[in-house]
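Observations on the model geometry
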Amino acid sequence: MDLVKQSDVSTSQDEETEFAIDLRHGLGLIARHRMACGDVAKGFGLWRLALTLSWLDIRLRYRGSILGPFWLTLSTALMIGSLGFLYAFLFHTPIRDYLPFLSLSLILWTFIATIISEGCTVFVSAEGMIRSMRIPFSVYLGQLLARNILILGHNVVVIVVVFLAFQVPVSFAAFAAIPAFLIWMVDGIATALLLGAICARFRDIPPIIGSIMQIAFYVSAVMFKPEFLGKRGWFLLYDPFFTLLQIVRQPLLGSIPGYATYLSAIGFSIALCALTWYTFLRVRHRIAFWI
Amino acid sequence: MAASIDVQNLQIDFPLYHGQSRSLKKTLLNKAKGSSRVEENSQHKTVIKAVRDISFSLRAGERLGIVGHNGAGKTTLLRALAGVYEPVGGRVQIRGSLNAMLDPGQGMNMELTGRENVALRGRFHRMNQQEIEHLQEDVRNFAELGDFFDLPVRTYSSGMIVRLAFAMATAFRPEVLLMDEWFLAGDASFRSKAQERLESLVRGADILVLSTHINEIVRSWCTRVIWMEDGRIRADGPAGEVLDAFAGGKTDQSLFPETVLS
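No experiment lies behind these values; they were computed from the predicted model shown.

1. Side note on unusual backbone geometry
Residue and element names in this part refer to chain A. At Gln 167, a position not held by glycine, the phi torsion is positive, near 45°. Looking at the element boundaries, Gln 167 is found in the loop between helix 7 (137–165) and helix 8 (177–201). The class for Gln 167 is exposed, based on a relative accessible area of 66%.

Below you can see the structure in the form of structure tokens.
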């Protein structure tokens, strides 16, 4: 064989011992962990790809429109403005009290709800890419999260304007929202992974999730302040949507939630992550066949 | 250690979950009784056995052609090698940097412009901004897209899509190159240019795995050929021998246009 060999002979040592592809059937538990961790680690390594993908998603959605992504801001502002006055009247609350609460609540809820509904299709909608090359599944999760954070960034403008207009004081308590938001990011990835995998296999899940979210929206004190329920609000502590919302929302409104709220939110997050990891271990290698 | 590919007892089954009904299952099972590629697995699920009992090893310097009729499992095998489908049985190991040219769409987003698609591919290969700009120029020039490069891919003609995909896929020089036959499409003037670039790429790679049913290409590029039939290896050996057997085994010569490239 007289072959002209042009490729670098000097590829780095560590790459030479590594397999580009090493896949086999019937992995044990440890090997499955290793594959799943590898997926996450490689996904982190490709963060630029995830970021570019998410930015292009937004660009695509608003290609050719004059306001572009600021349509999001505008429509959120309109929604909050109109709902705010109506519900402030219905709940007999002063508008200066209610509107800051509602703007924060609604925008944060939209963030959660969008991650959940898009999570259902995170793998199915990436079918073309998944079938054509081996990319860590975590890249698609990063794409989804980054996209939604970018959208949240556009909506935050509304919150800032409302807070300034009503001169809502922001205390040091607001810093407590930062670790809480980090919990959200972890939960967001976990939710998208769990739902993305399950929904790829069982196509009846997305409508079920849709109706659960609808109920959760009305139950979880998004539109009304939890105080309105008085003593009947005890169940809220068992509602993960509420407690998770509360650990970000309440600090921004100036007070730290009680420890029971944190306990519930963190406990739910741990359970969610454990369930997601277990699912990922079991189905990671099957996802490409399901989509 | 040099590049290598090791495949042991590879098996890939496709589950039939969606739109599955008892009667459909029965029909399929009855119909398939002859060749029995549709089977019920141990969990009573209907599966299509796309690829089974595939074992071979390739070392640096080998060029493998995979031939077979449509539906013989060539593309599935390539996808399994690329790591898209993980084995349902057996094992796949590949050493060395890998580039898989599987289909012209290849993860391209039709709504994005050519430039943006190239940027994405660059990001996938962990390139920085500067390298990506370089790549974009390279692809743009080679694919002769002109102003279309900044228009959404869905506005391209099919020839332009193939040119873009080809230019993009061949911009990376891997040690192990997996190729499906689509790159032979495209208009005549582009073809000679493509041939040149492809040949330099093929020479640069340590291992080539090429799936096609165009004999001429396999004969000139490959040192070894695997003939696939019904998801199994029918024959495996030196290119000339297997190709002759393959050509002898078929009845209708016109099905295999050996003059496509000339």
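2. Details of the sheet that holds strand 1 (residues 4–15) of chain B
Spatial strand order, 1(A)-5(B)-1(B)-3(B)-2(B): five strands in an open sheet with antiparallel pairing. The strands lining the two open edges of the sheet, one partner per strand, are strand 1 (19–24) of chain A together with strand 2 (38–40) of chain B. Taking each pair of neighbouring strands and ignoring which way they run, the sheet shows an average axis angle of 30°. In this sheet, strand 5 (residues 89–95) of chain B lies alongside strand 1 of chain A in antiparallel orientation, the contact comprising five bridges. Following the sheet pairing, Leu 23 of chain A is matched in strand 5 of chain B by Val 92 of chain B. Docked against the sheet, helix 2 (residues 74–82) of chain B engages strand 1 of chain A together with strand 1, strand 3 (46–59) and strand 5 of chain B, running at close to 120° with respect to strand 1 of chain B.

3. Re helix 4 (residues 70–90) of chain A
Residue and element names in this part refer to chain A. If you check helix 4, its first and last C-alpha atoms are 30 Å apart, about what 21 residues at 1.5 Å a residue would give, namely 30 Å. Every buried residue belonging to helix 4 is among Leu 72, Thr 73, Thr 76, Ile 80, Gly 84 and Ala 88, and all of these are buried. At its buried positions, helix 4 is contacted by helix 5 (95–119) and helix 7. Following helix 4 by one or two positions, His 92 adopts a phi angle in the positive range, close to 50°.

4. A short note on the UniProt feature "transmembrane region" (unreviewed entry) in chain A
Residues and elements named next belong to chain A. UniProt's feature table lists "transmembrane region" (unreviewed entry) at residues 66–89, 101–124, 145–166, 172–198, 205–224 and 259–281, given in the numbering used throughout. A distance of 31 Å separates the end C-alpha atoms of residues 145–166, which is 95% helix and 0% strand. The span residues 172–198 shows a helical share of 81% and a strand share of 0%, and its end C-alpha atoms are spaced 41 Å apart.

5. Thoughts on the environment of Gly 231 of chain B
All names here are of chain B. Within the fold, Gly 231 resides in the loop between strand 9 (224–229) and strand 10 (232–238). For the pair Gly 231 and Leu 178, spaced 53 residues apart in sequence, the C-alpha separation works out to 18 Å. Setting aside residues up to four positions removed in sequence, Gly 231 forms contacts with Arg 37, Ala 50, Val 51, Arg 52, Ile 54 and Ala 72.

6. Re the interface of chain A and chain B
Tallying the contact residues gives 47 residues for chain A and 51 residues for chain B. Where chain A abuts chain B, roughly 4400 Å² becomes buried across the two surfaces, and 57% of that area is made up of carbon and sulfur atoms. Considering only the side of chain A, the residues that lose the most area to chain B are Ile 21, Leu 23 and Phe 289 of chain A, jointly responsible for 14% of the buried surface there. The tally of links between chain A and chain B comes to five salt bridges. Taking the shortest distance from any N to any O, the salt bridge between Arg 91 of chain B and Asp 22 of chain A comes out at 3.2 Å. The tally of links from chain A across to chain B stands at 16 residue pairs in polar contact (both at pLDDT 80 or more).

7. Regarding the packing of aromatic side chains
Residue and element names in this part refer to chain A. In this structure the tally under the stated criterion is 21 aromatic pairs over all chains. For the ring pair Trp 109 and Phe 217, a centre distance of 6.0 Å and an interplane angle of 50° mean the geometry is tilted. Of this pair, Trp 109 sits in helix 5 while Phe 217 sits in helix 9 (residues 205–219); the two residues are 108 residues apart in sequence, bridging distant segments of the chain. Relative accessible area serves as the criterion here: at 6%, Trp 109 is assigned to the buried category.

Here is what the cut-offs are and how they apply
Residues numbered from 1 in each chain as written. Chains lettered and ligands numbered in written order. Predicted model: local features only at pLDDT ≥ 70, side-chain atom pairs only at ≥ 80, totals over all residues. Heavy atoms only, no water. Helix = DSSP H or I, 4+ residues; strand = E, 2+ residues; numbered from the N terminus. Buried < 20%, exposed > 50% of the residue type's maximum accessible area, 1.4 Å probe, protein only. Pairing = 2+ DSSP bridges. Axes fitted to C-alpha atoms, helices over the stretch in contact; angles between N-to-C directions. Contact = heavy atoms within 4.5 Å. Expected span 1.5 Å × (residues − 1). UniProt positions renumbered as here; feature names shortened; annotations may be inferred. Buried area = accessible area lost by both parts, 1.4 Å probe. Salt bridge = Lys/Arg side-chain N within 4 Å of Asp/Glu carboxyl O. Polar contact = N/O pair within 3.5 Å; in protein donor to acceptor, adjacent residues only side chain to side chain. Phe/Tyr/Trp six-rings, centres within 6.5 Å; stacked < 30°, edge-to-face > 60°.

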